[in-house]
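Here is what each chain is made of, one letter per residue.
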Amino acid sequence: MNFITRLSALCLRKSKMPQRYRSSRRPAVPLGSRILTDPSKVFEHNMWDHMQWSQEEEQRAKDKAAENSLVKVQLEDQDKYEREASKYWNEFYKTHKNNFFKDRNWLFLEFPEILPEKKREQLKTEEKSSEPIKINSTSSFPHQDFPGMFEEGKDYWKNNYGEDSSSVQGQIYNKKQAKSITDSPQGKNCREQLGKLESFPGSGAAYRILEVGCGAGNSVFPILKVLCNTPGTFLYCCDFASGAVELVKSHSSYNSAWCFAFVHDVCDDALPYPFPDEILDVILLVFVLSAIHPDRMQRVVNGLAKLLKPGGMLLFRDYGRYDTSQLRFKKGHCLSENFYVRGDGTRVYFFTKDEVWNMFNLAGLTEVQNLVDRRLQVNRKKKVKMQRVWIQSKFQKPLLLSLSNPEETTKRHPYG
């Protein structure tokens with residue numbers, strides 16, 4: 001039983017609430033485990049996993065995409081959508097506020113790497129025990145409850161990670177590993193940057209996460225609920241729509257002791273981040289890159305790679321080629337090949353896993369996971385079936401990689 005499913009069951013079991021107020025919904029089936037073996041039962045559930053397309057289905061999807069791409073958006077309008085991208089997203093959040101997207105409680109199932117290793121091990125242990133998994137669901141996360149949150153120095157590391165340990169930009173190594181890293185050119189560069197910015201949001205944290213394109217906080221607050229009782233962690237989140245950032249900062253669960261939300265355009269190389277390069281353990285890039293013009297994607301990925309510490313992980317999920325949402329576009333909405341504009345002025349690109357691999361590989365990152373996630377989504381009331389396609393990937397920054405020369409680690413494409 002997965003973590004989220006078990007959490008729901010335990011909370012219900014331990015609750016003192018009268019039975020009549022408890023949910024009567026069936027427990028969720030773990031993600032990725034619902035396989036359609038009998039087509040006659042397709043409308044028994046809302047989603048089916050690991051769908052395989054026939055050659056005929058693949059060809060129909062290609063033909064449909066080719067058809068809706070025949071008429072392109074006028075060039076002057078394309079320029080407008082690029083120049084005013086933030087305006088359209090601000091209007092989106094002004095209209096929908098935080099009601100459009102659901103909280104992404106699936107994040108820890110698909111991306112357990114979001115959590116520090118010790119937290120992952122703790123959750124695994126708790127999952128095996130009979131004790132309920134405790135996730136703080138209160139509306140705030142007061143940092144004074146965790147005095148170690150911003151402690152620095154030898155005593156903190158000895159107390160939390162043992163005598164023979166040290167911290168290199170928040171990552172825990174034994175002394176021999178730490179010395180080899182800090183003595184390297186890259187390690188010296190990191191120390192120089194940290195020296196220039198002695199104090200910045202999250203400077204005292206040991207484990208740092210950045211979510212790019214945070215929107216209204218649908219990933220931010222599920223992450224904070226888990227990390228709020230994990231001393232030494234800090235979450236950054238940014239969006240280039242100021243309206244989205246305001247929604248995050250005005251949320252009752254937002255607390256600057258644990259999280260720092262800021263407006264940032266990842267396409268603008270001249271804009272500094274509120275922290276030095278090479279200090280992030282995790283970057284979360286979920287349904288964000290697809291909203292950026294294809295010509296600018298590589299520079300965005302290159303810039304994000306520089307923010308990761310050696311060994312840091314970039315977690316990616318976005319729209320895949322021939323997803324139902326691509327095939328539903330009418331003629332006149334296509335900006336360029338596989339790149340479209342919606343009716344509200346926001347844009348979306350549909351990736352292949354080869355394209356994703358190429359981008360992250362050119363940025364000097366190595367593949368941990370890169371897959372096509374095909375699912376069948378069902379509207380049981382309307383008896384409608386929708387083929388959903390997403391790309392899910394995990395790429396890691398190699399230890400001691402010199403980002404000034406990322407091609408040093410560029411590998412041959414594994415898919416062809």
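Here the structure is a predicted model, which is why all the values come from computation and not from measurement.

**A word on the nonpolar core**
Counting 44 residues, the largest nonpolar core has Leu210, Phe275 and Leu289 as the members making the most contacts within it. Listing elements by their share of this core, those giving two or more residues are strand E4 (207-212), strand E5 (233-239), strand E7 (280-286), helix H12 (294-307), strand E8 (308-319), strand E10 (339-341), helix H14 (353-362) and strand E13 (384-396). Among the elements that line this core, the one with the most residues is H12, at 6 residues. Among the nonpolar cores identified, the runner-up in size contains 29 residues, and Leu115, Val226, Leu227 and Val248 belong to it.

**Details of the packing of aromatic side chains**
Enumeration according to the criterion identifies 18 aromatic pairs in this entry. Taking the centre distance of 6.5 Å and the plane angle of 80 degrees together, the rings of phenylalanine 262 and phenylalanine 275 count as edge-to-face. One end of the pair, phenylalanine 262, is in strand E6 (residues 259-263); the other, phenylalanine 275, is in the loop between E6 and E7, with 13 residues separating them in the sequence. Of the two residues examined, phenylalanine 262 and phenylalanine 275, each falls in the buried class. Ring centres 4.6 Å apart and planes at 10 degrees place the aromatic pair phenylalanine 329 and tyrosine 340 in the stacked group. Of the two residues, phenylalanine 329 sits in the loop between helix H13 (324-327) and strand E9 (334-336) while tyrosine 340 sits in strand E10, which places them 11 residues apart along the sequence. Both residues of the pair, phenylalanine 329 and tyrosine 340, count as buried. These aromatic residues form a ring-pair network of at least three members: Phe234, Tyr236, Phe260, Phe262, Tyr273 and Phe275.

**Focus on the pattern of salt bridges**
The tally for this structure, following the rule as stated, stands at 13 salt bridges. Between glutamate 278 and lysine 397 there is a salt bridge, with the nearest N and O atoms lying 3.3 Å from each other. Here the residue glutamate 278 occupies a position in the loop between E6 and E7, and lysine 397 occupies one in the segment after E13, the gap between them amounting to 119 residues. Comparing glutamate 278 with lysine 397 shows no difference in burial state: the two are buried. We note a salt bridge from aspartate 323 to arginine 388, for which the minimum N-O separation is 2.8 Å. Pair noted here: aspartate 323 is in the loop between E8 and H13 and arginine 388 is in strand E13, with a separation of 65 residues, a long-range link.

**Regarding the pairing of E6**
Taken together, the 5 bridges between E5 and E6 define a ladder with parallel strand orientation. If you follow cysteine 237 over to E6, its bridge partner there is alanine 261. As for the winding sense of the linkage, the β-α-β connection from E5 through helix H11 (residues 242-249) to E6 is right-handed.

**Thoughts on the side chain of asparagine 338**
By secondary structure assignment, the location of asparagine 338 is in the loop between E9 and E10. Given the relative accessible area of 9%, asparagine 338 is considered buried. Polar contacts involving the side chain of asparagine 338 include one to the side chain of glutamine 326, which spans 3.0 Å. Filtering out sequence-adjacent residues up to four positions away, asparagine 338 remains in contact with Arg321, Gln326, Val348, Tyr349 and Phe350.

Cut-offs applied
- Residues numbered from 1 in each chain as written.
- Predicted model: local features only at pLDDT ≥ 70, side-chain atom pairs only at ≥ 80, totals over all residues.
- Heavy atoms only, no water.
- Core = buried A, V, L, I, M, F, W, Y, C linked by side-chain atoms within 4.5 Å.
- Buried < 20%, exposed > 50% of the residue type's maximum accessible area, 1.4 Å probe, protein only.
- Helix = DSSP H or I, 4+ residues; strand = E, 2+ residues; numbered from the N terminus.
- Phe/Tyr/Trp six-rings, centres within 6.5 Å; stacked < 30°, edge-to-face > 60°.
- Salt bridge = Lys/Arg side-chain N within 4 Å of Asp/Glu carboxyl O.
- Pairing = 2+ DSSP bridges.
- Right-handed = clockwise from strand over helix to strand, strands pointing away.
- Polar contact = N/O pair within 3.5 Å; in protein donor to acceptor, adjacent residues only side chain to side chain.
- Contact = heavy atoms within 4.5 Å.

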